[in-house]
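Listed here are the chains, written in short residue letters.
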Amino acid sequence: MRIRHLWLLLACLIATTATGAFKSGVFDPPRQAPEFSLQGTDGQTLNLNKYRGKVVVLAFGYSSCTAVCPVTLHTFALAVRKLGPAASGVQVVYVTVDPERDTPARLKQFLANFDPTFIGGTGTEQQLGQVRKDYGVSAKKLPYENTYVYDHSSFTYLLDRTGRIRALMPYGHSADDFVNDLNILLRE
Amino acid sequence: MRARKWVLVVSAAVMIAVLGTVALLPLPSGSRERVFEIPPGTWARRMAGEKIETLPDHIYLTVGVRDILVLKNQDVVPQTFGPTLMMPGQSFTLPFERAAEYQFACTAHASGQMTIVVDPYPATPWARVSWRARELLRRL
């Protein structure tokens, strides 16, 4: 009887260790990610429904961003590489906040610098504004020299295989932190 | 003259005892969460013109002591709380492992920014004295 209890305790311990703790912020209860319909960089309509069954890494930015976006995308690319074969269960979706400059072709070229499997999304100002509102993302256009820049939210949402927003990773976390959290969601 | 000397000696002894206690007292071992809530009725009160701050401009955390930020939306409408949009009844738990100053956009503040200062774990006795002094000052 005692041995059985010990085995049970050991099994619980292993399960706890395997589950691990998220490095990102987690939502309780998780809500269904608001759906959108944008122009994808793969030439098709971009919506989240087509990625059900995959863990989605959802971030917002723009291709002319020189500070935050390249670091974020480089981190995603590193994390995907570190995941190895398990990366096939992950899809990075990058939605632009700058529809004026980010055509699907330009966004595709930008994302390909990091990983060709990353999918970008663009649309009209109105469409993108609604998506940002649904996700609590801010993007403020500011004049800069002869052009403009965006001051935008830099966090990343992690969606589970059923399309629920499970976690929010603030900017600055390492690829290892992403790998940790993606592995948790992939194991579910 | 002798009485003055004794006062000095006793004061020094008391100071050393206090510093020693502050330095060697174990750190708080309870919950590592720092919880902030949007209470029910916040939206209604805002709509009525009241200015309500649900989060301070600066939140102070310490790695290994109180390093988990918990935000709870107990109101009846979605709210942008700290860095994220939260649904009614939803909570958001964000752990911090690295000491740093984190800036988050936050529409709840007039500045549009919320700063989370995460102090390093006070590992040495002197670090504990310094950490406890900072905590005291922040409470005042």
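Residues numbered from 1 in each chain as written. Chains lettered and ligands numbered in written order. Predicted model: local features only at pLDDT ≥ 70, side-chain atom pairs only at ≥ 80, totals over all residues.

### Some remarks on the overall build of chain A
Here comes step 1: Tallying secondary structure elements over chain A gives five helices and 10 strands in all.
Here comes step 2: Residue burial in chain A is summarised as follows: out of 188 residues, 41% are buried. (Helix = DSSP H or I, 4+ residues; strand = E, 2+ residues; numbered from the N terminus. Buried ≥ 20, exposed ≤ 12 C-beta atoms within 10 Å, placed from the backbone.)

### Considerations on the overall build of chain B
Here comes step 1: Scanning chain B for helices and strands turns up three helices and eight strands.
Here comes step 2: Taken from the N to the C terminus, the helices and strands of chain B come in the order α-β-α-β-β-β-β-β-β-β-α.
Here comes step 3: For 140 residues, the compact-globule estimate of 2.2 N^0.38 gives 14 Å, and chain B exceeds it by more than 25% at 21 Å.
Here comes step 4: For chain B, the C-alpha atoms occupy an extent of roughly 70 × 35 × 25 Å along the three principal directions.
Here comes step 5: Per-residue burial for chain B yields a buried fraction of 20% across its 140 residues.
Here comes step 6: Put simply, 59% of the contacts in chain B that link residues at least 6 apart link residues at least 24 apart. (Rg over C-alpha atoms; globule rule 2.2 N^0.38 Å. Contact = placed C-beta atoms within 7 Å.)

### Looking at the sheet that holds strand β8 (residues 113-119) of chain B
Remark on secondary structure: sheet strands pair via backbone hydrogen bonds, oriented parallel or antiparallel.
Residues and elements named next belong to chain B.
Here comes step 1: If you trace the three strands from one edge of the open sheet to the other, you get β2-β8-β7, paired in mixed fashion. Two strands in the sheet have a free side with no partner beyond their single neighbour: β2 (58-62) and β7 (100-105). Within the sheet, the average angular offset between the axes of one strand and its neighbour, ignoring direction, is 20°.
Here comes step 2: Pairing geometry for β7 and β8, over six bridges, is antiparallel. (Pairing = 2+ DSSP bridges. Axes fitted to C-alpha atoms, helices over the stretch in contact; angles between N-to-C directions.)

### Details of the nonpolar core
All names here are of chain A.
Here comes step 1: By size, the foremost hydrophobic cluster in this structure holds 64 residues, and its most contacted members are Val57, Phe76, Val93, Leu158 and Leu159.
Here comes step 2: Looking at which element gives the most residues to this core, the answer is strand β4 (residues 55-61), with six residues.
Here comes step 3: Ignoring sequence-local partners within four residues, the contact set of valine 93 consists of Val56, Val57, Leu58, Ile119 and Gly121. (Core = buried A, V, L, I, M, F, W, Y, C linked by C-beta atoms within 7 Å.)

### Some details on the interface of chain A and chain B
Here comes step 1: Taken together, the contact between chain A and chain B spans 13 residues of the former and 12 residues of the latter.
Here comes step 2: Ranked by residues supplied to the side of chain A that touches chain B, first place goes to strand β1 (residues 25-32) of chain A with six residues.
Here comes step 3: For the side of chain A that touches chain B, the residue count by class is seven nonpolar, four polar and two charged. (Nonpolar A, V, L, I, M, F, W, Y, C, P; charged D, E, K, R; others polar.)

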